[in-house]
Amino acid sequence: MPKIIHLDENHELLKNELEKLGFKNYFDLISTKKEVEKKIWEYQGIIVRSRIEIDKKFIDSCKNLKFIARVGSGLENIDTDYAKKKNIEIISASEGNQGNEIDGANASRWISIPIINISFQPSSLASIFLLIYISNYLSKVHEKKINFNNSVFRLWLPILLVVMLVLPSNFSTSFMIFSLSLILIFIGQYPIKKIILIIFSGIVLSGSFVGLSKTYPDLVPNRIDTWSNRIENFINPSLDNDSNYQINRAKAAIASGSIFGVGAGKSSMKYILPQSTSDFIFSIVTEEYGLFVALIILLLYVILLFRIVIVSQKSNNYFGKLLAIAVGLPIVFQALINMGVAVQL
């Protein structure tokens, strides 16, 4: 009986279907990449998400491997070209996420509250509280001369802690939190020279983290190789077509929508585009309703941004001014980022 090893948690339905097809399921959710390489020769198939980077060295250890199935979106953590040279079939199984999704989005970084049946991302909650905290701090020192040394522990340390906790598993969210914090601090009239110093320090710390993770990949769980692949694919979209699967499908959906769209509910890309109801909802809306409605949506977010600024300016106290920006800006910021990703800006 062919043996398959699951390197990440998957839905029970997937396991049952594989057994019906005659495969024997084995599971290893905690071993490091080096530990898996020592025993991977026993298996004919691999089911993986993003925990393990399947590079050339890993593939060379797979003496009997017939296929690699990537459950979830994208193939960034798999050296698809080398795998194909070794006659190993690559399968992108986005539908395998069904047991671990919330409205179509991968929910592996979500927390679910059983009794009230509510799920949320801790990083999103942390960012909201962090921005409120920053607003409160800046409002208290607004009429005083800001001392950088005094603000290190009360302002910058909480930001650093939140960003570093999120960074290993989710670079994009940590970058967004850091960017929103800097924008709010800039609006709060913090000395610009000190902000530039913090940006430079952030670049140095990020570079150190990447270097440390590359040198000691098993020391801290991270997705460094995935980030590198995404940056390379952004710079050179033709470098690896498999890794650009989502972006290519998203752009195809937008292109097929033309000016007035294919009609409500008539999208064909929503069945093959991962996260079509969350991260790439803009592409599906554009396909169904066309570029005209897409531009209206963009305009509405711009209007919302202006309204946030107006509410901020009309506030009676400085904390209220900053709070309006802190609560409202992430909504527009996230929406514009999602729209930009969908069109590969």
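Residues numbered from 1 in each chain as written. Predicted model: local features only at pLDDT ≥ 70, side-chain atom pairs only at ≥ 80, totals over all residues. Heavy atoms only, no water.

Q: Let's hear about the packing of helix 6 (residues 148-166) against helix 7 (residues 171-187): which residues, and what values?
A: Running from N to C, helix 6 and helix 7 cross one another at 160°; their axes reach a closest spacing of 8 Å. Between helix 6 and helix 7, the angle falls in the class roughly antiparallel. Here helix 6 and helix 7 pass one another in a crossing that is right-handed. On the side of helix 6, the interface is formed by L155, W156, I159, V162, V163 and V166, while helix 7 contributes T173, S174, I177, F178, S181, L182 and I185. (Axes fitted to C-alpha atoms, helices over the stretch in contact; angles between N-to-C directions. Helix = DSSP H or I, 4+ residues; strand = E, 2+ residues; numbered from the N terminus. Parallel < 35°, antiparallel > 145°, perpendicular 65-115°, else oblique. Left-handed = near helix turned anticlockwise from the far one by under 90°. Contact = heavy atoms within 4.5 Å.)

Q: Could you give me a rundown of the nonpolar core, with the residues and numbers involved?
A: By size, the foremost hydrophobic cluster in this structure holds 30 residues, and its most contacted members are I134, L155, W156, I159, I185 and Y190. Within the residue set of this core, elements represented by two or more residues are helix 5 (122-140), helix 6, helix 7, helix 8 (192-215) and helix 12 (318-342). With near-sequence residues (within four places) excluded, I185 lies in contact with I134, L138, L155, W156, I159, Y190 and I195. Listed in part, the 20 residues of the second largest apolar core include I40, I59, L65 and I78. (Core = buried A, V, L, I, M, F, W, Y, C linked by side-chain atoms within 4.5 Å. Buried < 20%, exposed > 50% of the residue type's maximum accessible area, 1.4 Å probe, protein only.)

Q: So what's going on with the pairing of strand 3 (residues 45-48)? Residues and values would help.
A: Regular strands have side chains that alternate between both faces of the sheet. The alternating pattern of strand 3 places G45 and I47 on one face and I46 and V48 on the opposite face, and all of these are buried. Relative to strand 3, strand 1 (residues 3-6) runs parallel, the two sharing 3 bridges. The residue bridging I4 from the neighbouring strand is G45, located in strand 3. In this structure, strand 3 lies alongside strand 4 (residues 67-71), joined through 4 bridges in parallel fashion. From the neighbouring strand, V48 faces strand 4, where its bridge partner is R70. (Pairing = 2+ DSSP bridges.)

Q: Quick rundown of helix 11 (residues 281-314)? Include the residues and the values.
A: Helix length check: helix 11, at 34 residues, gives a terminal C-alpha distance of 34 Å against a target of 50 Å (1.5 Å per residue), a shortfall beyond 12%. Among all positions of helix 11, only F282, S283, I284, V285, T286, E287, E288, G290, A294, I308 and S312 are buried. (Expected span 1.5 Å × (residues − 1).)

Q: Can you explain the pattern of salt bridges? Please cite residues and give values.
A: Following the criterion strictly, the structure yields 4 salt bridges and no others. With a closest N to O distance of 3.8 Å, D60 and K86 form a salt bridge. With D60 in helix 3 (residues 56-60) and K86 in the loop between helix 4 (80-85) and strand 5 (89-93), this pair connects stretches of sequence that are 26 residues apart. Overall, the relative accessible area of 30% leaves D60 in the partly exposed class. (Salt bridge = Lys/Arg side-chain N within 4 Å of Asp/Glu carboxyl O.)

Bear in mind that shape data such as this cannot, by itself, settle questions of function.
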